[in-house]
Each structure stands twice: as C-alpha cells, then as structure tokens.
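Per-entry structural report
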Amino acid sequence: MSILGHAIRLLAAGALLTLAPAADTRNSFLPDAPRPFDGTLSVMTYNIHGLPWPIAWGRDADFTRIAAKLRLLRSEGRNPHVVVLQEAFTQEAQAIGRNAGYRYIATGADQDAINGQAPTASDRAFAAAESWRHGEGLPKFVGSGLQILSDYPIADSRRIVFPAFACAGFDCLANKGALLARITLPGRADPVDIITTHLNSRRASGVPNDRSNHAYGLQLACLGDFIRRNHDPRDALIVAGDFNMGHDPARRSGLLGGAFRQWLPGATVADAYDEAARKAIPLSGDAQYSRYRARDWEFFTAGRTMAFSLRGIDVPFGHAADGSMLSDHVGYTAIYDVKPLTSAAPAKA
C-alpha cells in the first residue's frame with residue numbers, strides 16, 4: 001500500500017475508479033466439473049498488488065498470468081480449492097477468479113460502505129490528529145480489495161469495513177475490512193468458515209509507527225468482534241490474509257494474542273507456518289521467505305464434526321528463476337487433512 005500515497009494527486013484531479021459490485025456471483029466460465037472432495041482442503045492466501053493505474057503499472061498483464069497459472073494448476077488437478085485475495089481493487093484484478101475457473105466468488109465491501117460504530121473519546125482524539133497530506137480524512141479511493149474464490153459452494157457471506165477512525169496514513173484511502181465466506185464441503189454436514197482481511201501497514205502508511213500501530217490495534221479489535229459475531233465456534237474456521245505484522249513487537253503481541261486467545265475463547269487455534277515447523281514439514285525457499293516477512297498468515301481451528309490437520313504448504317506464486325514475482329507478496333497454499341470426528345457435539349439449536 002505504500003504507493004497509495006500518490007493517489008492523493010489523482011483524487012485532487014477528480015480521477016474515477018469503477019469497481020465490481022460487492023456480491024456473490026456464479027462464474028459463467030465454468031470448468032467441466034469441480035474435482036470431488038477427497039478429504040483434503042487447500043487454501044491459498046495472496047496479496048496480488050492490485051493497485052489501479054497510474055498508482056501501479058503493468059498489473060493487468062500479471063493478473064492474466066496469475067489466472068493462467070491457476071488454470072494450469074486446475075488442469076493438473078492441483079489448484080487450491082479456495083483462494084483468498086487481498087488488494088483485488090480493480091475490475092481486472094477481480095476477474096482473476098472468473099478467468100481461473102472458480103465456480104463461486106465472494107467480494108468484499110466497496111469504497112462506499114460505512115461502519116457506523118460510534119467512536120469513543122479516545123477515537124475522536126485520534127481522528128482529530130489526521131493529516132490529509134498522508135491520505136487521512138479524504139474519501140475512500142478504493143474498496144476493501146478482498147475476494148474469496150471457491151471450488152465449493154458459498155452458502156453465505158458476510159463483510160465489514162473498519163470504522164473511518166480506525167486507519168492511519170495512506171492506508172485510509174482503501175476501505176479496509178474483512179470478508180467471510182461460509183463454504184459447504186461435499187459430504188460434510190457442517191460448513192467451514194473462511195475469513196480474509198488486510199490490516200493497516202506500518203512504515204508504508206507514511207505516518208509515525210505509534211499512529212499506524214494505534215490504528216492496527218483498532219482494526220484487530222474490530223476483526224475480533226466480526227469473528228465472534230459471525231462465526232459459530234462449533235464450525236471449523238480458517239482466517240487468512242495480509243496482517244501486516246512484520247517484526248514489530250506490539251503488532252506481534254496484538255495479532256497472536258487475538259488469534260490464539262480472543263477470537264475464539266477456549267478453542268485451539270494454530271497458524272500454518274508454525275504448525276509446519278512443529279511437524280517438521282519442509283518449507284521451500286519462498287515459503288521460508290514468506291514466513292520470515294511475517295505479513296501473510298493463515299490461522300485455523302477444527303470444528304465440532306471436523307478435525308483439521310496440516311499436511312503441507314505449497315507456493316504456487318513465488319520467485320521465478322530470474323528473481324521476478326507476479327506480486328510483491330508470495331502466494332502460498334496450506335493443505336489440510338479434513339477428517340470426521342468420531343464423537344460429535346450435540347446438534348446446533
């Protein structure tokens with residue numbers, strides 16, 4: 001998001017950006033048939049650097065290459081069952097799922113969505129120090145940039161944006177938030193909830209760290225509320241996205257404390273990279289690079305009728321032989337074994 005600062009000049013010039021509607025859609029370019037559920041679920045998280053021209057150049061060609069790679073993987077029976085995207089801001093970026101053959105697509109909130117949460121006195125004081133030169137206090141330039149692509153039916157979807165006061169710096173030009181898709185797996189009675197989000201950057205936001213970190217904490221609190229309000233803790237859950245944690249101690253404490261203790265009180269939540277280390281699952285060089293950057297995370301927990309176990313981590317989108325990438329993030333896939341539990345909890349009310 002660092003180059004979003006240049007968007008201020010576009011806003012001043014009255015530049016317009018048209019985005020696809022925030023709605024669930026059926027893909028009109030379907031593959032012959034989705035491959036049957038074989039007891040594994042693969043979920044890829046990928047920030048595709050989908051900023052609009054002229055903030056970013058040459059992105060449409062890379063989006064075409066991303067879709068083509070996913071189609072190739074599909075032809076080989078190796079495409080991720082579910083893909084969560086961040087920074088899918090433009091129509092071209094949001095066409096990746098359609099062009100890659102995903103049957104079901106959920107899209108996050110657009111730039112006009114509003115969170116009506118009332119600010120506290122502390123929130124008002126924080127907002128009063130906003131700087132329009134750093135993108136604060138201006139209209140939203142783009143929407144949330146969130147999408148969830150699925151081979152399996154999306155039974156329901158929920159979306160939020162963070163409150164207007166819960167952002168800092170150039171990140172305020174995007175209407176960041178969270179998106180939930182409730183996915184039905186063939187032969188499984190209960191759904192799997194998959195959530196993606198994109199949280200405030202730190203240095204790239206263009207404001208001091210204490211300000212960007214304060215906004216980060218507000219967004220984490222909002223994300224936790226969204227999870228607790230919309231997810232049934234008896235169902236399985238995967239939360240994946242660009243959390244922009246990095247190596248900042250305050251952000252690490254806030255994110256991991258929220259994920260492991262506050263999102264689902266009493267539940268056992270794991271993250272894919274640490275689980276791979278615990279199980280001695282080998283990681284490729286790109287996976288190790290992504291883990292070191294500590295921005296893209298995938299947290300998971302089992303449900304009342306489904307046990308989740310990490311089988312492996314694959315990286316469909318990393319560095320090419322010449323060192324180039326299709327985005328400024330690695331796109332990695334966590335592969336889970338999904339097994340029925342022998343003793344299920346009582347049926348839901």
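Everything discussed here concerns the structure shown above.
The structure presented is a predicted model; accordingly, all values stated were derived computationally and were not measured.

1. Things to note about the overall build of the chain
Looking only at helices and strands, the chain features nine helices and 13 strands. When each of the 349 residues of the chain is scored for burial, the buried share is 56%. With an accessible surface of roughly 14,700 Å², the chain has 54% of that area assigned to carbon and sulfur atoms.

2. What about the pairing of strand β4 (residues 104-107)?
Going residue by residue along β4, you find Y104 and A106 tucked away on one face and I105 and T107 tucked away on the opposite face as well. Of the pairings in the sheet, the one linking β4 to strand β5 (residues 147-150) comprises four bridges and is antiparallel in character. From the neighbouring strand, I105 faces β5, where its bridge partner is L149.

3. Quick notes on the packing of aromatic side chains
A full pass over the atoms with the stated rule returns ten aromatic pairs. Ring centres of Y46 and F317 lie 4.9 Å apart, and the angle between their planes is 15°; on these two criteria the pair is classed as stacked. A residue pair is termed long-range when its members are at least 10 positions apart, and Y46 in strand β2 (residues 40-50) and F317 in strand β12 (residues 306-317) qualify at 271 residues. Like F317, Y46 is buried. Joined through ring pairs, the aromatic side chains of F243, F260, W263, W297 and F299 make up one cluster. We note K69 situated over the ring of F317; from NZ or CZ to the ring centre the distance is 5.3 Å. In this structure, R211 is placed above the aromatic ring of F126, and the distance from its NZ or CZ to the ring centre is 4.0 Å.

4. Quick look at the packing of helix α6 (residues 209-230) against helix α7 (residues 249-262)
It is the contact of α6 with α7, at a shortest axis distance of 10 Å, that shows an interaxial angle of 10°. When the axes of α6 and α7 are compared, the pair comes out roughly parallel. Here α6 contributes S212, N213, Y216, L220 and R228 to the contact with α7, which in turn contributes A250, R251, G254, L255 and Q262. Partitioned by chemical class, the residues of the contact of α6 with α7 number four nonpolar, four polar and two charged.

5. Here's the deal with the nonpolar core
Grouped together as the largest cluster of nonpolar side chains are 37 residues, with contacts concentrated most on L41, I194, F308, L310 and Y336. Considering each element in turn, this core owes the most residues, five residues, to β12. Residues in contact with F308, not counting those within four places in the same chain, are L41, V192, A236, I238, F300, A302, Y336, D337 and V338. C222, L256, W297 and F299 belong to the second-largest nonpolar core, a separate cluster that totals 26 residues.

The rules we used
- Residues numbered from 1 in each chain as written.
- Predicted model: local features only at pLDDT ≥ 70, side-chain atom pairs only at ≥ 80, totals over all residues.
- Heavy atoms only, no water.
- Helix = DSSP H or I, 4+ residues; strand = E, 2+ residues; numbered from the N terminus.
- Buried < 20%, exposed > 50% of the residue type's maximum accessible area, 1.4 Å probe, protein only.
- Areas by Shrake-Rupley, 256 points an atom, 1.4 Å probe, with all protein chains shown as cover.
- Pairing = 2+ DSSP bridges.
- Phe/Tyr/Trp six-rings, centres within 6.5 Å; stacked < 30°, edge-to-face > 60°.
- Lys NZ or Arg CZ within 6 Å of the ring centre and 35° of its normal.
- Axes fitted to C-alpha atoms, helices over the stretch in contact; angles between N-to-C directions.
- Parallel < 35°, antiparallel > 145°, perpendicular 65-115°, else oblique.
- Contact = heavy atoms within 4.5 Å.
- Nonpolar A, V, L, I, M, F, W, Y, C, P; charged D, E, K, R; others polar.
- Core = buried A, V, L, I, M, F, W, Y, C linked by side-chain atoms within 4.5 Å.

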